[in-house]
Every structure is written in C-alpha cells, then in structure tokens.
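Structural features, examined
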Amino acid sequence: IFHCAGAAHFRSLSTAARTALWQLNVEATAKLIAAAASAGVPRLVYFSSVQAAGSPGDQSVDEDWQSPPDNLYGESKLAAEALVRRAWGTKIRHAVILRPCLVYGPGVKGNLRRMMQAISRGRMPALPKVRNQRSMVALGNLIAAAQLAMDTESAAGRLYIVCDEQAYSTHEIYAAMHQALGCSPPGFALPLSWFRWAARLGDIGNRLSDNAMPWDSAAYDRLFGSAVYSAARLKRELGWQPQQDFFSCLPQIVAELNSGRESGQAS
C-alpha cells in the first residue's frame, strides 16, 4: 500500500474542521493499518510531510531535526507517523515513512496553483525580491523515491525527507511563472512591509472568525519565509537521484492549467 490519502488546505479554524482533520489524517491511518494487517499486506509506504516537524528557516535540516510541528496539520501527520512506526515489524513487515516537501507537477493545487491563476488573470501583486529559500519536490521525483522505499529491503523502518536538489526563492518562482505564462511582471513591486501589515490584519480577522483569512501571518511565512531540507539520507541509503526541477516541469504545469481553463470555458 502507498498511503497518500489525507486532508490538507483546511480554510476553517472551527472545532469541527479540526476534528475532521484529525479523523482523516490520524484515525483513518489507524484503521488502514489494522485492515492491512488483517489482510496480510506485507509493505506500506506512508506519505507524511515535512510539516511533521517545525519549519527550519534557511538552515538545511535532515530527518534528525527535532522541532515540534507548527500547526495542527503537522501534528496530525506526526501522530500518524507514530502509528506507522508502531506497526512496523509487528503488523506490517516493511513500513517506510516519506516526508515530502511541497509537491508540484501537472495538476498542482494549493498556493502554487493560486499564484499561477492570479498571474494569468493579472491579479497578482508585484512581489519584492526577497532572498528566501524553500525546498520543494517534483511529483516525478517523489514517485521515484516512493518506489525505492517500497522495493528496497533496507528501507524498512526508515524515515526519509524527499526534496529536489535545489531550493527555490519565491521571486524565482514568481518570475518563472510570468515567463511561462507569457505575462509581463508589473514594473513596481510593493514593499515587503505592506504584506506584513496586511498579514497582521488577517490575524485579527482569524481571531474574530472561524474561517481563516486568505492572507495572514501563516500565508506570509509560506510566501516569504524559508524552509530548507536535505534529502541526503535518501540518496545515500537508497541511491535516489532527483531527475526534475521546478523550471523543467513548469511548461507541463502551465499546459495543464491552460487545458483546464479551456475545458471550463467550453463547458
């Protein structure tokens, strides 16, 4: 079993939403493990997240990074990891945990897709040239890592971070998206302080509502903060080598975005 199911991108802060997140990411994993053990499934690869540990900033960290998660999503992934660890060697003979960074590829969702859509519609504000660095991983690179984790005997019981060879700055991604979409970036960039003050206003809105504001400090950190990881263990132990990067995958991502837009217009 490749266990990829789970909940993310929750926009609600209500108790019901938090309960649903825990049920889908933790309790469902426990039920899956029990069903797999009952059926005699010998191997399980669990797709966790680097958010199962706190954000490291611009220092490159590996699997030994011990910082606690920064949010409920990360806490739920860490709790599910504990279930997989307990199942290894007892209920499941071969269990491996993968911690991917932000995954991109054709059909990408979440913040990357929202940025591309905003750029293509001329609604994306000009971003200042920040020098942040964020690790990401191409879908093809992640699939290759998952196959190695499943097939390699020595991977049993191990935890692996999965990320591309390089980290990316927000401005690099922003500029590459403009070029790939055939859009000219705005000539004037808003000051970083504007984004910071708007994030503080979003935080106030979060305290007054159960629905998360579209822009708050968490969104600010995702756009302008750093989070750098190392996949050295995966390379060293399983011989994994990433074959793709964001810039080589971007034409396929744009093609999928355009085809989806055309299908929507046609319907």
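Procedures and definitions
- Residues numbered from 1 in each chain as written.
- Predicted model: local features only at pLDDT ≥ 70, side-chain atom pairs only at ≥ 80, totals over all residues.
- Heavy atoms only, no water.
- Pairing = 2+ DSSP bridges.
- Helix = DSSP H or I, 4+ residues; strand = E, 2+ residues; numbered from the N terminus.
- Polar contact = N/O pair within 3.5 Å; in protein donor to acceptor, adjacent residues only side chain to side chain.
- Contact = heavy atoms within 4.5 Å.
- Expected span 1.5 Å × (residues − 1).
- Buried < 20%, exposed > 50% of the residue type's maximum accessible area, 1.4 Å probe, protein only.
- Core = buried A, V, L, I, M, F, W, Y, C linked by side-chain atoms within 4.5 Å.
- Phe/Tyr/Trp six-rings, centres within 6.5 Å; stacked < 30°, edge-to-face > 60°.

Once that is clear, we can look at the sheet that holds strand β7 (residues 159-162). Strand pairing in a sheet is mediated by backbone hydrogen bonds. Such pairs are either parallel or antiparallel. Taken together, the four strands give an open sheet; going across it, the order is β1-β2-β4-β7, and neighbouring strands pair in parallel fashion. Each edge of the sheet is formed by a strand with only one pairing partner; in this case those strands are β1 (2-3) and β7. As judged from the four bridges shared by strand β4 (residues 94-100) and β7, these two strands associate in the parallel manner. Looking across to β7, one finds that I97 is bridged to L159.

With respect to the secondary-structure elements, E81 resides in helix α2 (residues 72-87). Polar side-chain contacts of E81 include one of 2.6 Å to the side chain of S48. Here R99 takes part through its side chain, which lies 2.8 Å from a polar atom of the side chain of E81. Those residues in contact with E81, other than ones at most four positions away along the chain, are Y46, S48, S49, A52, I97, R99 and L159.

Our focus in this paragraph is helix α4 (residues 139-151). With 13 residues, α4 extends 18 Å between its outermost C-alpha atoms, agreeing within 8% with the 18 Å of an ideal straight helix rising 1.5 Å per residue. Within α4, burial applies to N141, L142, A145, A146, A149 and M150.

Turning next to the environment of A149. For A149, the position within the fold is in helix α4. A residue is classified by how much of its surface remains accessible, and A149, at 0% relative accessible area, is buried. Between the alpha carbons of A149 and V103 there is a distance of 17 Å; along the sequence they are 46 residues apart. Excluding residues that lie within four positions of it along the chain, A149 makes contacts with V45, H94, V96, L98, A155 and L238.

Generally speaking, soluble globular proteins have nonpolar side chains that are buried together. Formed by 30 residues in total, the largest nonpolar core has its most connected members in Y104, M177 and F246. For Y104, the residues in contact, after removing those within four places along its chain, are L112, M136, V137, A138, L139, D164, Y168, Q244, D245, F246, C249 and I253. V50, A145, M150 and A155 belong to the second largest nonpolar core, which has 24 residues in total.

Quick look at the packing of aromatic side chains now. Evaluation of the coordinates by the stated rule reveals eight aromatic pairs. Ring centres of Y104 and F246 lie 5.3 Å apart, and the angle between their planes is 75°; on these two criteria the pair is classed as edge-to-face. In this pair, Y104 sits in strand β5 (residues 102-104) while F246 sits in helix α9 (residues 246-266), placing the two residues 142 residues apart along the sequence. Take Y104 and F246: they sit in the same class, and that class is buried.

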